[in-house]
Amino acid sequence: MGRLTVLYDADCPLCVHLRHWLLRQRQLVPLDLVPAGSQEARRRFPALDHAATLREITVVGDRGQVYREASAWIVCLWALADHRAKAHWLATPAGQPFARMTVLAAAKWREALKGPGGEDGSCADGRCEVPAPPG
């Protein structure tokens with residue numbers, strides 16, 4: 001795999017925080033971070049259900065592989081130099097329950113953080129704004 005595209009919710013504070021964290025990590029596989037539902041996402045991946053990408057993290061490989069939910073987080077960690085070993089463990093039968101619980105907890109926290117109208121596809125017009133990194 002030569003490159004991964006991470007579709008993240010640009011209106012979600014947790015998702016934007018994780019975007020910035022991913023960008024600070026040493027990447028073994030380059031990550032392109034694109035707002036879910038944006039014109040860029042729709043141009044790159046016309047066959048995807050873009051409403052679904054606003055509800056759950058979606059990662060697309062350079063050969064068309066699509067990862068969602070816990071698998072998407074695992075493949076993101078796999079792309080990072082300092083987290084590849086953890087990704088391998090999370091993909092095992094022993095690690096998968098932990099990965100699922102973490103994703104469920106993050107989803108609950110995300111919903112608590114999101115402002116009104118967060119599921120309305122507000123990036124559909126391509127005007128998603130990505131906040132600057134903290135500090």
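In the annotation of an unreviewed UniProt entry, the chain is listed under the name DUF393 domain-containing protein and assigned to Streptomyces zaomyceticus.

This paragraph deals with the layout of surface pockets. Its volume calculated, the largest pocket comes out at about 430 Å³. Taken together, 27 residues form the lining of the largest pocket, with Arg55, Glu56, Ile57, Trp73 and Val103 sitting closest to its centre. For the lining of the largest pocket, the secondary structure elements donating two or more residues are β1 (4-8), α1 (13-24), α3 (50-55), α4 (69-78) and α6 (96-113). The element that contributes the greatest number of residues to the lining of the largest pocket is α6, accounting for seven residues. Here the residues of the lining of the largest pocket are counted per class, giving 16 nonpolar, two polar and nine charged. Lining of the second largest pocket is provided by 15 residues; of these, Trp73, Leu77, Leu90, Thr102 and Val103 occupy positions nearest its centre.

Glancing now at α1. Note that an α-helix has 3.6 residues per turn; residues three or four places apart therefore point the same way. Here α1 spans 17 Å end to end across 12 residues, near enough to the 16 Å set by a 1.5 Å rise per residue. When we look at burial in α1, the residues that qualify are Leu14, Cys15, Val16, Arg19, His20 and Leu22.

Of the two faces of strand β3 (residues 58-61), the one holding Thr58 and Val60 and the one holding Val59 and Gly61 are both buried throughout. The sheet contact formed by β1 and β3 spans four bridges and is antiparallel. Along β3, the bridge assignment pairs Leu4 with Gly61. Sheet analysis places β3 next to strand β4 (residues 66-68), joined by three bridges and oriented antiparallel.

Moving on to the confidence of the model for the chain. Interpretation of the predicted coordinates at a detailed level should be avoided for regions scoring low in pLDDT. For the chain, mean pLDDT is 85; residues scoring 70 or higher make up 83% of the total. Confidence scores differ between elements of the chain, with α6 showing the lowest mean pLDDT of 80 and strand β2 (residues 31-35) the highest of 97. Overall, residues 117-130 carries pLDDT values under 50, and its contacts beyond four positions in sequence, including any with other chains, amount to 28 contacts.

So, on to the packing of aromatic side chains. In the structure shown here, the tally under the stated rule is one aromatic pair. Measuring from ring centre to ring centre gives 6.2 Å for Trp89 and Phe98, while their planes differ by 55°; the resulting arrangement is tilted. Trp89 sits in the partly exposed class, given a relative accessible area of 37%. The positively charged end of Arg84 is found above the aromatic ring belonging to Trp78, 4.0 Å away from the centroid.

Criteria and thresholds
Residues numbered from 1 in each chain as written. Predicted model: local features only at pLDDT ≥ 70, side-chain atom pairs only at ≥ 80, totals over all residues. Heavy atoms only, no water. 1 Å grid on protein atoms, 1.4 Å probe; cavity = no way out; pocket = protein on both sides within 12 Å on 5 of 7 lines; lining within 4 Å. Points joined across faces, edges and corners; volume = space filled by probe spheres on them. Helix = DSSP H or I, 4+ residues; strand = E, 2+ residues; numbered from the N terminus. Nonpolar A, V, L, I, M, F, W, Y, C, P; charged D, E, K, R; others polar. Expected span 1.5 Å × (residues − 1). Buried < 20%, exposed > 50% of the residue type's maximum accessible area, 1.4 Å probe, protein only. Pairing = 2+ DSSP bridges. pLDDT = per-residue confidence, 0-100. Contact = heavy atoms within 4.5 Å. Phe/Tyr/Trp six-rings, centres within 6.5 Å; stacked < 30°, edge-to-face > 60°. Lys NZ or Arg CZ within 6 Å of the ring centre and 35° of its normal.

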